[in-house]
Amino acid sequence: MDSERRTRLMTDAIAGMNARDLDTYGAMFAEDVRVYTPGQAGPSIGRAARVRWVADLLEAFPDAVVGIASHVFDGDRGSAEFTFTGTHQGPLKGAAGVVVPPTGARVTFPYCVVYWYDEDDLATEIHEYFDQVELLVPLGLLKPAAD
């Protein structure tokens, strides 16, 4: 298990996402990766499904930029904290087939990912966490709490 290789794969993946190079983005994932994301009933399965999810996200937020705030790897696990910033300019595909039309809203929020790795240092399971309120309020899909 190589923490330096995992760090490089993750930083290359984020750079690939920001450059819209989804082949580079997908290179950190095992072919059969399982991804648990807020709002989904169960995991998505497979590298192709993960790359498609990100492609859909980039369609909804074509100016999206992801930054790496911190990361740590230990044994067969790792975690990273990211920031997401983008403007909602395209259809946002949600759970259960819900599509949110473009709102023009700018969003910025942190999120965290926990990774499990195989002996080839590829991510085999991912659990993503983010505060959905930080996404839904700017998009106008949820009203903020009254002061």
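Here the residue numbering is sequential within each chain, running from 1 through the sequence in written order. Only residues with pLDDT of at least 70 are given local features in this predicted model, and only at 80 or more are side-chain atom pairs given and counted; all residues enter the totals for whole chains, interfaces and linings. Water and hydrogen atoms play no part in the side-chain values, which are based on all heavy atoms of the structure.

Draft legend 1. Main features of the pattern of salt bridges. Throughout this description, the term salt bridge denotes a Lys or Arg side-chain nitrogen within 4 Å of a carboxyl oxygen of Asp or Glu. Throughout the structure, instances matching the rule amount to seven salt bridges. Ionic pairing is found between E128 and R50, a salt bridge with its closest N-O pair at 2.5 Å. Taken together, the residues E128 in strand 8 (residues 123–130) and R50 in helix 3 (residues 47–60) connect sequence positions 78 residues apart. There is no split in this pair, since E128 and R50 are both buried. R106 is the partner of D63 in a salt bridge, and the nearest nitrogen-oxygen pair spans 2.9 Å. With D63 in the loop between helix 3 and strand 3 (65–74) and R106 in strand 7 (residues 106–117), this residue pair connects regions lying 43 residues apart in the sequence. Only protein chains enter the calculation, and the probe is 1.4 Å; a residue is then buried if its accessible area is under 20% of its type maximum, exposed if over 50%, and partly exposed in between. Judged by relative accessible area, R106 falls into the partly exposed class, the value being 49%. Connected through shared salt-bridge partners, R5, R6 and D121 make up one network. Numbering of helices and strands runs from the N terminus; a helix is a DSSP stretch of H or I covering at least four residues, while a strand is a stretch of E covering at least two.

Draft legend 2. Quick look at the layout of surface pockets. Computed over the protein atoms alone on a 1 Å grid, cavities are sets of points where a 1.4 Å probe fits but cannot get out and pockets are open sets with protein on both sides within 12 Å along at least five of seven lines; a residue lines them when it has an atom within 4 Å of a point. Grid points are joined across faces, edges and corners, and a volume is the space filled by probe spheres set on the points. In this structure, the largest pocket encloses a volume near 810 Å³. Along its surface, the largest pocket is lined by 36 residues, and T37, P38, W53, F130 and L135 are the ones closest to its centre. The leading source of residues in the lining of the largest pocket is helix 3, at six residues. The residue makeup of the lining of the largest pocket, split by class, is 26 nonpolar, six polar and four charged. For this classification, the nonpolar set comprises Ala, Val, Leu, Ile, Met, Phe, Trp, Tyr, Cys and Pro, the charged set comprises Asp, Glu, Lys and Arg, and every other residue, Gly included, is treated as polar.

Draft legend 3. Structural context of the side chain of D118. Position of D118 relative to the elements: it lies in the loop between strand 7 and strand 8. His is not counted here, nor are the chain ends, while Lys and Arg score as positive and Asp and Glu score as negative. Despite being buried, D118 has no salt bridge partner; R6 is the closest side chain of opposite charge, sitting 6.7 Å away. Of note is the side chain of D118, whose polar atom sits 2.9 Å from the backbone nitrogen of D120. For the purposes of these results, a polar contact is taken to be a pair of N or O atoms within 3.5 Å, where, inside protein, one atom must be able to donate a hydrogen and its partner to accept one; residues adjacent in sequence count only when each atom of the pair is a side-chain atom.

Draft legend 4. Representation of the pairing of strand 8 in the model. Judged from the four bridges that link them, strand 1 (residues 29–36) and strand 8 form a sheet pairing that is parallel. Bridging from a neighbouring strand, R34 pairs with E125 of strand 8. Pairing between two strands requires that DSSP report at least two bridges joining them. Across seven bridges, the pairing between strand 7 and strand 8 is antiparallel. In the sheet register, V114 faces strand 8, and the bridge partner there is H127. Linkage of strand 7 to strand 8, two consecutive antiparallel strands, is achieved through a turn of five residues, within which D121 is found at a positive phi near 65°.

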